[in-house]
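Spelled out, the chains give:
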Amino acid sequence: PSAALALLCSSAAAVAVWKWLGKRQIQEKMEEARRTRDQGVKKMEKAVQQFREQISHVQTRAILSLPLVELAGRLREGSLSPETVLYTYVEKALEVTQLTNCVRHFIPECEEQLQEVQQRKEKGLLYGIPISIKDHIGHKGHLSTCGLVQFLNAPVQEDSVLVKVLKKQGAIPFALTNVSQSLFCYDCSNAIFGQTLNPLNHKKSPGGSSGGEGALIAGGGSILGIGSDIGGSIRLPSSFCGLCGLKPTSDRLSVWYTRLLKVDFCSPPPPVPCALGPMARDVDSLALCMKALLCEEMFQLDPTVPPIPFNEEVYASCAPLRIGYYDTDGYFPLPPCMRRAVHETRDALRAAGHELVPFAPPRIHYVMTELFLKTFFADGCRTFLDLFTGNIVDPGLKPQVNCYKIPTLGKKLLALILKPLSLVHSPKKLRCSRCSHALYVISALLPKAYRTEFIARWRELRLDVMLCPVLGPAFTTGYPGKLLTAISSTMLYNVLNFPAGVVPVSTVTEADEEELKLYRGYCDDPWDRTLKQAVEGAVGLPVAVQCVALPWQEELCLRFMKEVETLSREK
């Protein structure tokens with residue numbers, strides 16, 4: 001017995017040492033990633049200083065205030081040099097990331113790209129434009145981490161197709177921006193690089209998972225960025241930060257050589273596709289970016305992308321539109337200011353000569369439960385949980401992860417217990433049980449049937465586009481991880497695979513804040529009360545609306561966004 005006890009104790013000690021060594025190794029990897037980031041910052045600070053010593057008189061404020069279309073024109077005509085513009089934006093990005101922690105890593109190779117661009121005879125549509133890209137969009141020689149430890153050892157070997165096309169058009173990628181851990185949260189924080197803050201209010205989140213892009217652009221440190229969206233990851237940061245953002249139809253832009261983690265952890269891949277798209281300060285910038293990307297170079301590099309060039313005629317059209325609208329999807333009621341934004345925009349559009357038609361999106365409860373949660377977590381969340389090497393989980397993501405860790409039987413029991421407290425949200429947060437492969441394959445067909453139903457209702461009303469709400473205003477940091485199902489307003493159009501964009505149209509007023517005190521949601525349950533807490537203290541922050549078109553009609557979606565933007569600015 002004493003020998004057995006000694007063996008047991010020594011085995012336990014060995015396991016404890018092994019676990020300690022594993023955790024220590026993970027910590028060393030994370031520290032090394034942070035050191036590499038800090039070295040990149042110092043290198044870019046030195047480059048900016050050297051530029052300033054050579055050229056002391058730079059009209060920084062004037063350059064940073066130029067809209068993208070005007071800046072691109074001046075660069076192509078030669079009245080501004082790519083070198084001046086690049087270092088002006090790098091300098092501003094250094095300032096913004098110091099305040100918000102939005103840049104995951106600067107790209108030192110941007111100086112080599114600058115030299116290469118300046119030697120070209122042909123100037124692309126984005127000639128000399130500094131551009132930022134989201135962490136998981138592949139750039140050769142740099143990590144694509146998704147905020148996860150397991151991806152800290154594998155630098156990307158080749159530029160993604162999107163980055164290749166941007167460079168071909170003369171753009172200069174200069175920064176990779178921070179993301180939420182695993183990309184499956186609409187906050188922007190991870191255990192390696194930390195929390196990104198909203199530049200408009202440091203108590204608030206910039207949204208996610210493209211939150212680093214949102215913060216950098218809103219802070220003035222980038223004029224154009226590329227994000228990704230599978231549940232609202234372009235549109236939510238745009239809403240939270242007061243930007244314009246477009247989620248295209250999923251295959252309109254190439255996703256080759258991009259780590260599509262939210263798709264990768266589902267096997268087989270879920271029927272909700274990922275889309276890459278632009279984020280900027282105005283709609284014309286999004287249109288210019290789409291026009292530059294939808295070129296022969298992209299169609300040749302990725303033959304899965306339909307060779308459909310940008311239709312300038314549709315974007316420039318002034319014909320009256322027949323617009324469907326709704327101010328709530330009936331699933332997760334949004335704060336009063338977001339519904340106000342829809343009403344005011346509806347009235348402005350009607351006054352401008354457009355026809356507005358009420359619309360009710362069908363069966364959103366079904367969309368969120370059957371087409372979103374059940375397909376994403378068909379294996380009981382096992383594959384997703386395996387992403388968190390060494391159990392390193394960001395605090396903002398822990399509410400979700402802890403929920404997913406509950407055994408299937410426990411989830412069912414909790415859903416049964418919590419059902420009387422909420423007729424809408426609580427059971428949906430807990431339905432992450434396993435299903436068979438055959439059932440999963442059948443469920444993959446369900447979005448197509450729902451899409452057919454939705455389009456039939458759209459056609460019946462003879463709609464051109466749709467006006468609807470988007471989640472906002474900006475949440476206090478830490479709250480997005482507690483309210484996954486609040487993204488129904490954006491997730492719907494990922495399930496449908498419709499192009500959808502966000503346009504800021506107003507700001508939160510004192511009257512909105514007073515009205516929020518009366519907010520009860522549908523049930524006045526814990527989730528409704530949590531949403532109320534998340535958006536409190538947002539006076540002065542942006543309020544946005546969502547604009548939607550049918551698949552492959554990005555130009556029409558952008559044209560509608562431009563109309564909304566113009567009317568809101570006039571107001």
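Rules of the game
Residues numbered from 1 in each chain as written. Predicted model: local features only at pLDDT ≥ 70, side-chain atom pairs only at ≥ 80, totals over all residues. Heavy atoms only, no water. UniProt positions renumbered as here; feature names shortened; annotations may be inferred. Buried < 20%, exposed > 50% of the residue type's maximum accessible area, 1.4 Å probe, protein only. Helix = DSSP H or I, 4+ residues; strand = E, 2+ residues; numbered from the N terminus. Pairing = 2+ DSSP bridges. 1 Å grid on protein atoms, 1.4 Å probe; cavity = no way out; pocket = protein on both sides within 12 Å on 5 of 7 lines; lining within 4 Å. Points joined across faces, edges and corners; volume = space filled by probe spheres on them. Nonpolar A, V, L, I, M, F, W, Y, C, P; charged D, E, K, R; others polar. Axes fitted to C-alpha atoms, helices over the stretch in contact; angles between N-to-C directions. Parallel < 35°, antiparallel > 145°, perpendicular 65-115°, else oblique. Contact = heavy atoms within 4.5 Å.

As recorded in an unreviewed UniProt entry, the protein goes by Fatty-acid amide hydrolase 1 and comes from Dromaius novaehollandiae. Check the Sequence similarities (unreviewed entry) section of the UniProt entry for the protein; it says "Belongs to the amidase family."

(A) Region of interest: helix H20 (residues 488–496). With 9 of its 9 residues buried, H20 lies for the most part within the structure. Within H20, burial applies to Ser488, Ser489, Thr490, Met491, Leu492, Tyr493, Asn494, Val495 and Leu496. Positioned one or two residues after H20, Asn497 has a phi angle of 60°, which is positive.

(B) Representation of the pairing of strand S7 (residues 244–247) within the structure. Of the two faces of S7, the one holding Cys244 and Leu246 and the one holding Gly245 and Lys247 are both buried throughout. Of the pairings in the sheet, the one linking S7 to strand S8 (residues 275–280) comprises 2 bridges and is antiparallel in character. Its bridge partner lying in S8, Gly245 is registered against Met279. Judged from the 3 bridges that link them, S7 and strand S12 (residues 500–507) form a sheet pairing that is antiparallel. Across the sheet, residue Leu246 finds its bridge partner in S12, namely Gly501.

(C) Region of interest: empty space enclosed by the protein. A complete count under the given rule lists 5 cavities of 30 Å³ or more for this structure. Breaking the lining of the second largest cavity down by element, the ones donating at least two residues are helix H13 (336–351) and helix H23 (554–570). Residue classes in the lining of the second largest cavity are distributed as 5 nonpolar, 2 polar and 2 charged.

(D) Summary view of the packing of helix H3 (residues 68–77) against helix H10 (residues 283–293). Their axes nearest at 8 Å, the elements H3 and H10 cross at an angle of 55°. Classified by the angle between their axes, H3 and H10 sit oblique to one another. Side by side, H3 and H10 meet where Leu68, Val69 and Ala72 of the first sit next to Asp284, Ser285 and Leu288 of the second. When grouped by side-chain class, the residues that make up the contact of H3 with H10 number 4 nonpolar, 1 polar and 1 charged.

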